[in-house]
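If you want the building blocks of each chain, they are given just below.
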Amino acid sequence: MEDRIRIRSEEILSDDWAVLKKTVLDYRRRDGRWETQIRQTYDRGDGAVILPFDPQRSTVLLVRQFRFPAYAVGHRQPLIEACAGLLDENDPETAIRKEAEEELGYHLKDVERLFSPFMSPGSVTERLWFFTARYSPADRISDGGGAPEEGEDIEVLEMPLDEALAGIADGRIVDAKTIILIQHLKLNPIKA
């Protein structure tokens, strides 16, 4: 692709919680014609997400939390989600282990990396690293709930995997990363 893209200019529109950048570029189409495009990218860093599963009880750990962007477009309930967070300066596995302890209150041992897709590549630069892990009640180290100093107010939910799957169908679970993980786990069960 390097021979098909020429950056003409970049302008930072916002650099607060994340970086919003406007880029003017020339793009060579497949037919050989060049066209000028204007694109905005939103960069807040990469993240990781995990869905812990207890194969003995067939349960998963999720969180429920307020998400202003969803609220701003009419979703008036807190979202039910898989535990997730930004990588910051960590590798994906280290980051998700820390998030699981902070948000869920569980120390996870058998963490398995699945895949790392771009979640909304039309405008967001974030790549999200997906994980699953086994857990049991013995792995609980705290009540979880997130980091209040970061504005987190997280409720930990434990539910049967089939109830989580039903939550997708009935609209209780509308978060894409969570839907992907629940469906992945249903199609690729972790054995007891």
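Nothing here was measured: the structure is a model prediction, and the numbers come from that model.

(A) Expanded view of the side chain of Glu152. Position of Glu152 relative to the elements: it lies in the loop between β9 (128-134) and β10 (155-160). Although Glu152 lies buried, it forms no salt bridge, and the closest oppositely charged side chain, Arg67, sits 6.8 Å away as judged by the N-O distance. The residues contacting Glu152, other than those within four sequence positions of it, are Glu102, Glu103, Gly145, Gly146 and Ala147.

(B) Geometry of the UniProt feature "short sequence motif: Nudix box" (unreviewed entry) in the protein chain. According to UniProt, the "short sequence motif: Nudix box" (unreviewed entry) feature falls on residues 85-106. Between the C-alpha atoms that bound residues 85-106 the distance is 15 Å, and the span itself is 59% helix and 9% strand.

(C) Just helix α3 (residues 161-169), in detail. Taken together, the buried positions of α3 are Leu161, Ala164, Gly167 and Ile168. For α3, the angular spread of buried residues about the axis comes to 110°, placing them on one side. For α3, the elements touching its buried residues are β4 (47-54), β5 (59-65), β10 and α4 (176-187). Gly171 sits one or two positions beyond α3 and adopts a positive phi of about 90°.

(D) Main features of the UniProt feature "domain: Nudix hydrolase" (unreviewed entry) in the protein chain. UniProt records the feature "domain: Nudix hydrolase" (unreviewed entry) for residues 43-181 in the present numbering. Note that residues 43-181 is 24% helix and 29% strand, and that its end C-alpha atoms are spaced 23 Å apart.

(E) Focus on the environment of Gly122. Along the chain, Gly122 falls in the loop between β8 (111-115) and β9. Taking the C-alpha atoms as reference points, Gly122 and Gln40, 82 residues apart in sequence, are found 8.9 Å from one another.

Each value, and the rule that gives it
Residues numbered from 1 in each chain as written. Predicted model: local features only at pLDDT ≥ 70, side-chain atom pairs only at ≥ 80, totals over all residues. Heavy atoms only, no water. Helix = DSSP H or I, 4+ residues; strand = E, 2+ residues; numbered from the N terminus. Buried < 20%, exposed > 50% of the residue type's maximum accessible area, 1.4 Å probe, protein only. Lys, Arg positive; Asp, Glu negative; His and termini not counted. Salt bridge = Lys/Arg side-chain N within 4 Å of Asp/Glu carboxyl O. Contact = heavy atoms within 4.5 Å. UniProt positions renumbered as here; feature names shortened; annotations may be inferred. Arc of directions from axis to C-beta.

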